[in-house]
Amino acid sequence: RSGFARSRVSEFEALWLRREVDMPAEWSRILLHVEACDWECSIYVDRRLLGTHRGGYDGFTFDVTDAVLAEWGRKARVEILIRVLDPTDNGCEYAVTTPVPCVQCCKT
């Protein structure tokens, strides 16, 4: 579960979710899957940007295996930060005419 309790966020606000996650040593590959996010979602592992996904309500997966590997071996616990931003609620940066939401970036 996301932990996001707000139902509406303006195009000028960002939501942040922070979790400390234990990484069992027997895990050989670690994937972080987000089932849906509208519109921009950035993933940070130990405060380093791993990647950003943009799209309307579509799921995506990041492989965080390499980010979990510390300089001297595997880390047992990592901090995951997820930043969500949706500037499309007040129009779309790709749309120069109506309709809004546009069909270029706001596909569902």
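It should be noted that the structure appears before, not after, this text.
One structure accompanies this document, and this report is about it.

Turning our attention to the packing of aromatic side chains. Applying the stated criterion across every chain yields a total of 2 aromatic pairs. When the centroid spacing of 5.8 Å and the interplanar angle of 40° are considered together, the rings of Trp 16 and Tyr 44 count as tilted. Here Tyr 44 lies in strand S3 (residues 38-45) and Trp 16 lies in strand S1 (residues 14-22), a separation of 28 residues in the sequence. Classification of Trp 16 by relative accessible area gives partly exposed; the value is 47%.

Moving on, we get to the state of the cysteines. Enumeration according to the criterion identifies 0 disulfides in this entry. The thiol of Cys 37 is unpaired, and the distance to the nearest cysteine sulfur, on Cys 41, comes to 3.9 Å. According to the relative accessible area criterion, Cys 41 is buried, its value standing at 1%.

Bringing the side chain of Glu 79 into the picture now. Here Glu 79 is to be found in strand S8 (residues 77-85). Residue classification places Glu 79 among the buried positions, given a relative accessible area of 9%. Looking at Glu 79, its side chain comes within polar contact range of the side chain of Arg 18, at 2.6 Å. With sequence-adjacent residues up to four places away left out, Glu 79 is seen in contact with Arg 18, Arg 19, Glu 20, Tyr 44, Val 45, Asp 46 and Arg 47.

The strand order across the open sheet built from 4 strands is S1-S8-S3-S4, with neighbouring strands paired in antiparallel fashion. Edge strands, defined here as strands with exactly one partner in the open sheet, are S1 and strand S4 (48-56). The average undirected angle you get between the axes of adjacent strands in this sheet is 15°. Pairing between S3 and S8: 6 bridges, direction antiparallel. Bridging across to S8, Tyr 44 finds its partner in Leu 81.

The rules we used
Residues numbered from 1 in each chain as written. Predicted model: local features only at pLDDT ≥ 70, side-chain atom pairs only at ≥ 80, totals over all residues. Heavy atoms only, no water. Phe/Tyr/Trp six-rings, centres within 6.5 Å; stacked < 30°, edge-to-face > 60°. Helix = DSSP H or I, 4+ residues; strand = E, 2+ residues; numbered from the N terminus. Buried < 20%, exposed > 50% of the residue type's maximum accessible area, 1.4 Å probe, protein only. Disulfide = S-S within 2.5 Å. Polar contact = N/O pair within 3.5 Å; in protein donor to acceptor, adjacent residues only side chain to side chain. Contact = heavy atoms within 4.5 Å. Pairing = 2+ DSSP bridges. Axes fitted to C-alpha atoms, helices over the stretch in contact; angles between N-to-C directions.

Structural measurements only, silent on function.
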